[in-house]
Amino acid sequence: MGSIGESSESGVGVSGSHSVKDEIFRDEERCSKQVSPIRGGGSRNTSPLGRVGSRNTSPSRQKVIKTKPRGLDEETVATFGKAIHPDVQMEDRIWAMLPEDLLNEILARVPPFMIFRLRSVCKRWNSILQDSSFLKFHSQVPSHGPCLLTFWKNAQTLQCSVFSLPLKTWYRIPFNFLPQWAFWLVGSSGGLVCFSGLDGLTFKTVVCNPLTQTWRTLPYMHYNQQRQLIMVVDRTDRSFKVIATSDIYGDKSLPTEVYDSKLDKWSLHQIMPAVNLCSSKMAYCDSRLYLETLSPLGLMMYCLDTGYWEHIPARFPRSLLDGYLVAGTQKRLFLVGRIGLYSTLQSMRIWELDHSKIMWVEISRMPPKYFRALLRLSAERFECFGQDNLICFTSWNQGKGLLYDMDKKVWSWIAGCALQSYNSQVCFYEPRFDASIR
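Residues numbered from 1 in each chain as written. Predicted model: local features only at pLDDT ≥ 70, side-chain atom pairs only at ≥ 80, totals over all residues. Heavy atoms only, no water.

Draft legend 1. How the structure looks around the pattern of salt bridges. Summed over all chains, the structure comprises 14 salt bridges. Arg365 is paired through a salt bridge with Glu362; the nearest N and O atoms lie 2.5 Å apart. Each of Arg235, Glu430, Arg432 and Asp434 takes part in one network of salt bridges that share partners. (Salt bridge = Lys/Arg side-chain N within 4 Å of Asp/Glu carboxyl O.)

Quick look at the structure:
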C-alpha cells in the first residue's frame, strides 16, 4: 500500500501515491491464479495456412472448443489456424513527438484500470490524471462499461476490488486513503462511491472517487443520525445529491433530507408517510426514489423535483419471501424476489412495474440449476442489486455472484477472489476519472 493522503480541515482528502498501480497488478495476478484464462488445446492444426507447399484436398475447417474465460462462466467459441502477424516496430523518435491533444485523446480511450500501468512509463504520463485536457477528453469518450465493486474490512484495513465486466478481470484498488472509521457501503453512481459510518459516536457521510483517490466528508445533517441513504450523480452539471430518508432502524419519523453538492448543504423536506417499511433497500429511477412498505401496502415514491412523497398501491406477488427493488433504464422499475413457502417449490422471479395498471408483471425466472447453486438452503440469504438492465445476485455463503442480462436474457457466473469474503459489500460501479467530489 502507498502513503496515505492527508485530509484538510474542510474534510477533503487526496492521495497521489504511485503505488496504486502496484496494488492493482498484484490483485490481478492473484485472481488470475484462481480463475484460469483461455488456453488452446493440444490439437493438430488442420488449416491450409499450416501446410505450406501441399495441396489442400479438403475444405478449411475451424476447430471449435468450449472454454471458460476469466470471470464469467459462459461457453465461449475459440478458433485456431489463424495467420500470425509479426509485431510492428514502433519508432521511439516519432511517438515521442506525438502532439499533446492527440496523446490525451488516445489515453482517454484506454481502459481506466490500465492507466495506472501507463503511469510508470514517464513523468509526463504519471501526472496525466490531474491534467485538465486529459479529463476533458475522458469525459467525452464512451463509458468503460459496468463493473462490480466489492468492499470489506480485513484486519482493520479497508479493502476494495473491482471486477470489470468488459475485461472479465479483477483489480485491487487501495482504500487506505480513507479514514479508519466504521464504514458501510451506501452505493455508487457516475464514478463516485458513497459510504456512511461512525467516527466514534458521530454519524458521518463520505463521498470518494476510488480512481483518483480523492474523498470528502459531507456536512452534518439537521437530524444527524444513522439514516437510509442513496446517492445520485448528474454528469451534465458535474454535481451529485444524497437523499436521506427514515431512521435506519425505522423507530423514528424524521424529515427527508437532501444534500446538494452545488450548495454544499442539506435541505429539509416532507416526512415519509409510511408506518412500516418492508425492506431497507431502495431504487432510484427517473428522478424518483422507491421503497417497499407494508403499511400502507405497496410502494412509497419520493419525487426529487418536488420534495414530496406519494403512495403507489402496487400489491406484491403472493408468497413473496424477500423482494428487492431494482432500477433499470428508460424508467423501468423491477422487483426481484424469492417465491414459495417450501424449499422444494421455491424459485427466483423478476417482475416489472406496469405504471399504467399499477401492478407487477412477471418477465423472467431464474433457471432451477442456477437457483439451486446460488441458494443451497431454503433459509439462505442473498443480496440483489442492478444497473442498466443488469441484475447481480450474491449469496452470503457461496462466495460467488450470478449476473443476469435482461436485454440478452443470459445468466452467467462471476467468480474470483474478491467475492470470497463473507462480510464483503457489493454494488455496481462505473470507473471515471472525471467524476468530481466537489
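Draft legend 2. Spotlight on the sheet that holds strand E21 (residues 347–354). Here four strands make up an open sheet; going across it, the order is E19-E20-E21-E22 and the pairing antiparallel. Each edge of the sheet is formed by a strand with only one pairing partner; in this case those strands are strand E19 (320–327) and strand E22 (359–365). Between one strand and the next, the sheet's axes are offset by a mean angle of 30°, whatever the strand orientation. With six bridges connecting them, E21 and E22 associate as antiparallel partners. Of the residues in E22, the one forming a bridge with Trp351 is Glu362. (Pairing = 2+ DSSP bridges. Helix = DSSP H or I, 4+ residues; strand = E, 2+ residues; numbered from the N terminus. Axes fitted to C-alpha atoms, helices over the stretch in contact; angles between N-to-C directions.)

Draft legend 3. Highlighting the packing of aromatic side chains. Evaluated as defined, the whole model comprises 20 aromatic pairs. Between Tyr370 and Trp413 the ring centres are 5.8 Å apart and the planes differ by 50°, which places this aromatic pair in the tilted class. Remark: Trp413 occurs in strand E26 (residues 410–414) and Tyr370 occurs in helix H7 (residues 368–374); sequence separation between them is 43 residues. In this pair, the class of Tyr370 matches that of Trp413, namely buried. (Phe/Tyr/Trp six-rings, centres within 6.5 Å; stacked < 30°, edge-to-face > 60°. Buried < 20%, exposed > 50% of the residue type's maximum accessible area, 1.4 Å probe, protein only.)

Draft legend 4. Fine view of the side chain of Gln213. By the element assignment, Gln213 lies in the loop between strand E9 (202–209) and strand E10 (214–217). Within the local environment of Gln213, its side chain forms a polar contact with the backbone oxygen of Pro174, the two atoms lying 3.3 Å apart. A polar contact is formed between the side chain of Gln213 and the backbone oxygen of Pro210, at a distance of 2.6 Å. (Polar contact = N/O pair within 3.5 Å; in protein donor to acceptor, adjacent residues only side chain to side chain.)

Draft legend 5. Representation of the packing of helix H3 (residues 100–108) against helix H6 (residues 132–140) within the structure. Between H3 and H6, the shortest axis-to-axis distance is 8 Å and the interhelical angle comes to 50°. In terms of their interaxial angle, H3 and H6 are classed as oblique. Remark: the crossing between H3 and H6 carries right-handed chirality. Seen from H3, the contacting residues are Asp101, Asn104, Glu105, Leu107 and Ala108; seen from H6, they are Ser133, Phe134, Phe137 and His138. In terms of residue class, the contact of H3 with H6 is built from four nonpolar, three polar and two charged. (Parallel < 35°, antiparallel > 145°, perpendicular 65-115°, else oblique. Left-handed = near helix turned anticlockwise from the far one by under 90°. Contact = heavy atoms within 4.5 Å. Nonpolar A, V, L, I, M, F, W, Y, C, P; charged D, E, K, R; others polar.)

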